[in-house]
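In case you want the letters, here they are:
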Amino acid sequence: MKAIIPTGGRGTRMQPITFSANKHFIPVANKPLIFYPIETVVDAGIKDILITYNSGNLNLVKSYLGDGSRWGANFTYVLQEEPKGMANIFQVCEEALGGESFLLHNGDNIFIEGIKKALNHFLKKKPNGLITMVHHKDNRRLGVPYFDKNKRLLEYVEKPENPPHDFAIPGIYFFDSNVFKCFKGEDKIVPSARGELEIGAPFNWLIQHGYKVDVIEYEGKWMDPGKFDDWLDANKYLLDISKDSNIGSKLDSETEIEGKVSIGKDCRIINSKLKGPLVIGDGVEIINSHVGPYCSISNNSFMENSHLENSVLMEGVKIINVKRPIAMSLIGPGSEIIDSDEDSEAISFFIGEKSKIDL
């Protein structure tokens, strides 16, 4: 049994951050998003993982993930030349899979309670395909399973206008090698109206050709932090449930800590108030500032005379002399927010495409 985790995609819902940073490597609770799927798959017992990537991104992806040894896993990198849809992600992996059954775990989904129940069902019951479903109030924007009166799966419908129930299909999918037949022959699956091989098409092909496709309910917490508000919600939730509270740097006597706070190595924190849940990376400087709750601050960031709460700072951010609290923010790598402290009615910005500013 192998796993596939993709790192491609355009990340349009997270622009402008994704103009310069792949969505899968933006931190959630100070950990790149894609680390969560990797940890979930390894925790389920699968150590042989195929990582798909888009053209030109191999070095970037490897710089974050390496060979898999940090998780006790083995990574094989597979090129997806063009973003031709979710089904194409495993289509390009056929040779690397070597005839084994596999699961595809979206690189931007988080299954908090893990996937062992679904994996055990697939291994024991041996269907040709397996999907999970979750209750979701807005399932019209997701895939939806349609059943007959005996609760037998009839069809996987993508983004229906009037779904018959509130179930939706989250981003984990199981197949045996029979699925590769759907890409061949006169009745092979074809791209949708938007030009992609949708993930529902292989399941529908299997059902239509007499193969067994099961569906079970995923009863844990599932998150798909693909939009700005969802990202902050995921960051808040993960910080809330985190058990980490490690102080890896020496703090000065004037700094106050309240709640669950984790601090990395080589940090310099002076005369500040840190309120958890809060996680701070390595090499961070915080001076005369109030930080938290619900903040994750990436490595080598700098704050002075400022107030931050419920926000995500990526690597190397600088915030200096900002008198009003900064809240509900996702700030990209290397960004600077500085109040010059001069008497002026003017405000100066250097803002990229599709940015959002609330004053």
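No experiment lies behind these values; they were computed from the predicted model shown. (Residues numbered from 1 in each chain as written. Predicted model: local features only at pLDDT ≥ 70, side-chain atom pairs only at ≥ 80, totals over all residues. Heavy atoms only, no water.)

## Comments concerning the sheet that holds strand E27 (residues 336-338)
As summarised here, the arrangement of the five strands in space is E17-E20-E23-E25-E27, forming an open sheet in which the pairing is parallel. Of all the strands in the sheet, the pair left with one neighbour each is strand E17 (268-270) and E27. With direction set aside, neighbouring strand axes in the sheet form an average angle of 5 degrees. In terms of strand pairing, strand E20 (residues 285-287) meets strand E23 (residues 302-304) through three bridges, oriented parallel. When the sheet's bridge partners are listed, Ile-286 is paired in E23 with Met-303. (Pairing = 2+ DSSP bridges. Helix = DSSP H or I, 4+ residues; strand = E, 2+ residues; numbered from the N terminus. Axes fitted to C-alpha atoms, helices over the stretch in contact; angles between N-to-C directions.)

## Notes on the pairing of strand E6 (residues 102-105)
Burial of E6 is two-sided: the residues Phe-102 and Leu-104 facing one way and the residues Leu-103 and His-105 facing the other way are all buried. Pairing between strand E1 (residues 2-6) and E6: three bridges, direction parallel. Following the sheet pairing, Lys-2 is matched in E6 by Phe-102. (Buried < 20%, exposed > 50% of the residue type's maximum accessible area, 1.4 Å probe, protein only.)

## Some thoughts on the state of the cysteines
Each disulfide consists of a covalent bond between the sulfur atoms of two cysteine residues. In total, this model carries zero disulfides according to the counting rule given. Lacking any disulfide linkage, Cys-267 is separated from the closest cysteine sulfur, that of Cys-295, by 14 Å. Judged by its relative accessible area of 11%, Cys-267 is buried. A relative accessible area of 0% places Cys-295 in the buried class. (Disulfide = S-S within 2.5 Å.)

## Quick notes on unusual backbone geometry
Outside of glycine, negative phi angles account for most residues, and trans bonds account for most peptide bonds. Residue Pro-277 is reached from Gly-276 by a cis peptide bond, and omega for that bond is 5 degrees. Counting through the fold element by element, Pro-277 comes out in the loop between strand E18 (273-275) and strand E19 (278-280). One non-glycine residue with positive phi stands out, namely Lys-151, at about 65 degrees. By secondary structure assignment, the location of Lys-151 is in the loop between strand E9 (143-147) and strand E10 (153-158). A relative accessible area of 67% places Lys-151 in the exposed class.

## A few points about the packing of aromatic side chains
This model, assessed by the stated rule, comprises 17 aromatic pairs. Ring geometry for Phe-90 against Phe-102: centres 5.4 Å apart, planes inclined by 45 degrees, an arrangement best described as tilted. You can see Phe-90 sitting in helix H4 (residues 86-91) and its partner Phe-102 sitting in strand E6, a full 12 residues away along the chain. Residue class for Phe-90 comes out buried when judged on its relative accessible area of 0%. Its relative accessible area of 0% is what places Phe-102 among the buried residues. Look at Tyr-156 and Phe-203: their rings are 5.8 Å apart centre to centre, the planes differ by 10 degrees, and that puts the pair in the stacked class. Here the residue Tyr-156 occupies a position in strand E10, and Phe-203 occupies one in helix H7 (residues 200-208), the gap between them amounting to 47 residues. The same class applies to Tyr-156 and to Phe-203, which are both buried. Three or more aromatic residues joined by ring pairs form one cluster here, namely Phe-90, Phe-102, Tyr-156, Tyr-173, Phe-175, Phe-180, Phe-183 and Phe-203. The ring centre of Trp-71 lies 4.9 Å from the NZ or CZ of Arg-70, which sits over that ring. Just above the ring of Tyr-294 sits the side chain of Lys-236; from NZ or CZ to the centre is 4.9 Å. (Phe/Tyr/Trp six-rings, centres within 6.5 Å; stacked < 30°, edge-to-face > 60°. Lys NZ or Arg CZ within 6 Å of the ring centre and 35° of its normal.)

## Remarks on helix H8 (residues 228-241)
Its 14 residues give H8 an end-to-end C-alpha distance of 20 Å, which sits within 8% of 20 Å, the value for a rise of 1.5 Å per residue. Buried within H8 we find Trp-231, Leu-232, Ala-234, Asn-235, Leu-238 and Leu-239. All buried residues of H8 lie within an arc of 160 degrees about the axis, which places them on one face of the element. (Expected span 1.5 Å × (residues − 1). Arc of directions from axis to C-beta.)

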